[in-house]
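Residues per chain are reported as follows:
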Protein chains: 2
Amino acid sequence: MLSISQKKYIHSLQLKKFRLQHGTFLVEGEKMVKELIQSDFELEFVFVTVGNKIENYNAIEISEKEMKSISALTTPSNFLAVAKQKKQVVDLTQNNLILVLDNIKDPGNLGTIIRTADWFGINTIICSNECVDVYNPKVVQATMGSLFRINVTYVDLVEFFQQNNSIPSYGALLEGKNLYQYPIKYKKAFLLMGSESFGIDNKLIPFITEKIMIPKFGQSESLNVAVATGILCSAYRQINR
Amino acid sequence: MLSISQKKYIHSLQLKKFRLQHGTFLVEGEKMVKELIQSDFELEFVFVTVGNKIENYNAIEISEKEMKSISALTTPSNFLAVAKQKKQVVDLTQNNLILVLDNIKDPGNLGTIIRTADWFGINTIICSNECVDVYNPKVVQATMGSLFRINVTYVDLVEFFQQNNSIPSYGALLEGKNLYQYPIKYKKAFLLMGSESFGIDNKLIPFITEKIMIPKFGQSESLNVAVATGILCSAYRQINR
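What you see is a predicted model; the values in this text were computed from it and never measured.

Draft legend 1. Expanded view of helix H3 (residues 30-38) of chain A. If you check which residues of H3(A) are buried, you get A:Met32, A:Val33, A:Glu35, A:Leu36 and A:Ile37. Contact partners of the buried residues in H3(A): strand S1 (24-28), strand S2 (43-49) and strand S4 (79-84) of chain A.

Dropping the structure here:
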């Protein structure tokens, strides 16, 4: 049985303020919770509804009604865990593309970008402080488990680029060079993506050494940022395997 | 002022049943409503909150409170329209890629796919009858206006492929050929995308003449279907301009 204070605590983790205060976050769904247990994230609680089990793990059984009272999902699953947030540090040692995200506010987009990066073997994502919290339940769910494998850190991007100006920096801009004619040739580079509403912040433009653009053939004004990131990661991998 | 029956009617359009019954759908947001007015869709009502105007169009002014009562959005905008659904017919006359979607249930994904198709100048999308309704408000919003430019029809895909078996048919499958080594070379072809949870339905596999796969370099189990569609449309345009 869940105590009232447990319920309150778990429910509070839907808000960033309380996630920061406790240094923990929610993970829901059978696949996600099982991947979490396999990962190197530290666990605080794992709950399953009556009748469900996790092999080699002693999960706490609760009723469906209790699950409903703590879940952040409209349709709760049978598995919910509370894990400790990982203190990540920026790691630029790999000879690989590094994603840099400016002001990505939509949780679904950030989650999908993390999942896409994981597909393409891109392990480092640098977020501007304005990006949505990676431990937001909607981000966590949209990563489909990739969150547990990718290094995501939050920085001031101006300072970050000032300190790391020896690495070439691609930026996706509508006025950039045609990607099909100017592919992403540097094995180690930043790829800076801006928000759909505001693009890349003006103060970051001077740090872009390679402006690129996904050619447009129709009339849509822009691409979804996760779709654009996927296209650019794929274009990178096409020549950097 | 809105009458109670108007409120009821507009509110009912959040459900497919009533959209079908009335043959109409909701469009919200300044940019979307203005694009709708420019399009060849027939209008039924256009509402703006007091103080807002649309050039050369006589919109009905309502209060913010009234807007809130009819909007499908958590944060209502100042513009809402009711338009007539367009009876689309399958049009395979263009010498171009044609998207075929099997069982895409997520409204955000379908909307993003329509927007992506529009970016790449792909004007025809064939949906299986199991796909989410294109006039679902969440689909409409996610298209960002591209809905008004793209031909989207619903069919039984087995019958469809039986009737159109002279056109080469690409299918995105995990066991397909490496996209980077086997690009999408046919200018006129189908590109069949399946749902993330279930992939392409088994009964459709025999109709695929070219199995392709986006190479994986990391550990994520799958790509989001809108991201995968974007990568494949871009790969198509890279050699078919």
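Draft legend 2. Focus on the confidence of the model for chain A. Of all residues in chain A, 100% attain a pLDDT of 70 or more, and the chain-wide mean is 95. Here the complex is predicted with pTM 0.96, and the ipTM for its interfaces comes to 0.95.

Draft legend 3. Inspection of helix H5 (residues 107-119) of chain B at higher detail. For H5(B), built from 13 residues, the straight-helix expectation of 18 Å at 1.5 Å per residue is met to within 8% by its first-to-last C-alpha distance of 19 Å. Burial of H5(B) is extensive: 11 of the 13 residues sit out of reach of the surface. Within H5(B), burial applies to B:Asn109, B:Leu110, B:Gly111, B:Thr112, B:Ile113, B:Ile114, B:Arg115, B:Thr116, B:Ala117, B:Asp118 and B:Trp119. Looking at the packing, one finds that the buried side of H5(B) touches helix H8 (225-239) of chain A together with strand S5 (97-101), strand S6 (124-128), helix H6 (137-143), strand S7 (151-155) and helix H8 (225-239) of chain B. Following H5(B) by one or two positions, B:Gly121 has its phi on the positive side, about 65 degrees.

Draft legend 4. View of the interface of chain B and chain A. Taken together, the contact between chain B and chain A spans 29 residues of the former and 29 residues of the latter. In terms of residue count, the dominant contributor to the side of chain B that touches chain A is H8(B) (7 residues). For the side of chain B that touches chain A, a count of residues per class yields 11 nonpolar, 12 polar and 6 charged.

Draft legend 5. Structural view of the sheet that holds S2(A). Residue and element names in this part refer to chain A. Read from one edge to the other, the open sheet built from 4 strands follows the order S1-S4-S2-S3, with strand pairing classed as mixed. Across the chains shown, the open sheet's two edge strands, defined by having one partner strand only, are S1 and strand S3 (60-62). Looking at each pair of strands side by side, their axes are set apart by 25 degrees on average, direction ignored. Sheet analysis places S2 next to S4, joined by 5 bridges and oriented antiparallel. By the bridge assignment, Val48 is partnered in S4 with Phe79. Packing against the sheet, H3 makes contact with S1, S2 and S4, and its axis sits at approximately 35 degrees to S4.

Draft legend 6. View of the domain arrangement of chain A. All names here are of chain A. The assigned domain composition of chain A is domain 1 (4-84) and domain 2 (97-239). One C-alpha centre belongs to domain 1, the other to domain 2, and the line joining them spans 30 Å. At the interface, 15 residues of domain 1 touch 8 residues of domain 2. Of all the secondary-structure elements, those providing two or more residues to the side of domain 1 that touches domain 2 are helix H2 (16-22), S1 and H3. In the side of domain 1 that touches domain 2, the residues fall into 7 nonpolar, 3 polar and 5 charged.

Draft legend 7. Molecular detail of the relation of the copies chain B and chain A. Mapping chain B onto chain A calls for a rotation angle of 180 degrees and an axial translation of 0.0 Å; the resulting RMSD is 0.0 Å. Such a turn and shift between the copies fits a two-fold axis. The fraction of interface residues of chain B whose copies in chain A are also interface residues reaches 100%, indicating that both copies meet through the same surface.

Draft legend 8. How the structure looks around the packing of H5(B) against H8(B). Residue and element names in this part refer to chain B. Interaxial distance between H5 and H8 falls to 9 Å at its minimum, and their mutual angle equals 15 degrees. Accordingly, the angle class assigned to the pair H5 and H8 is roughly parallel. Taken as a pair, H5 and H8 cross one another with a handedness that is right-handed. Of the residues in H8, those in contact with Asn109, Thr112, Ile113, Thr116 and Ala117 of H5 are Val225, Ala226, Thr229, Gly230 and Cys233. Class assignment of the residues belonging to the contact of H5 with H8 gives a composition of 5 nonpolar, 5 polar and no charged.

Draft legend 9. Up close: the pairing of strand S2 (residues 43-49) of chain B. With 3 bridges connecting them, S2(B) and strand S3 (residues 60-62) of chain B associate as parallel partners. Along S3(B), the bridge assignment pairs B:Thr49 with B:Ile62.

Draft legend 10. Region of the structure containing the nonpolar core. One finds A:Leu99 and B:Leu99 to be the most contacted residues of the largest nonpolar core, which totals 141 residues. In contact with B:Leu99, other than residues within four places in its own chain, are B:Ile113, B:Ala117, B:Ile122, B:Ile125, B:Leu191, B:Met193 and B:Thr229.

Draft legend 11. Looking closely at the environment of B:Lys211. Residues and elements named next belong to chain B. Mapped onto the fold, Lys211 is located in strand S10 (residues 210-213). Assessed through the 18 C-beta atoms surrounding it within 10 Å, Lys211 is described here as partly exposed. Placed 109 residues apart in sequence, Lys211 and Asp102 show a C-alpha to C-alpha distance of 15 Å.

Draft legend 12. The arrangement of unusual backbone geometry in detail. In the Ramachandran plot, A:Asn103 falls in the positive-phi region, its phi being about 65 degrees despite a non-glycine side chain. For A:Asn103, the position within the fold is in the loop between strand S5 (97-101) and helix H5 (107-119). Positive phi outside glycine occurs at B:Asn56, with the angle close to 60 degrees. Since 6 C-beta atoms lie within 10 Å of it, B:Asn56 is described here as exposed.

Reading the values: rules and limits
Residues numbered from 1 in each chain as written. Chains lettered and ligands numbered in written order. Predicted model: local features only at pLDDT ≥ 70, side-chain atom pairs only at ≥ 80, totals over all residues. Buried ≥ 20, exposed ≤ 12 C-beta atoms within 10 Å, placed from the backbone. Helix = DSSP H or I, 4+ residues; strand = E, 2+ residues; numbered from the N terminus. Contact = placed C-beta atoms within 7 Å. pLDDT = per-residue confidence, 0-100. Expected span 1.5 Å × (residues − 1). Nonpolar A, V, L, I, M, F, W, Y, C, P; charged D, E, K, R; others polar. Pairing = 2+ DSSP bridges. Axes fitted to C-alpha atoms, helices over the stretch in contact; angles between N-to-C directions. Domains from an automatic or database assignment. Least-squares fit on C-alpha atoms with pLDDT ≥ 70 in both. Parallel < 35°, antiparallel > 145°, perpendicular 65-115°, else oblique. Left-handed = near helix turned anticlockwise from the far one by under 90°. Core = buried A, V, L, I, M, F, W, Y, C linked by C-beta atoms within 7 Å.

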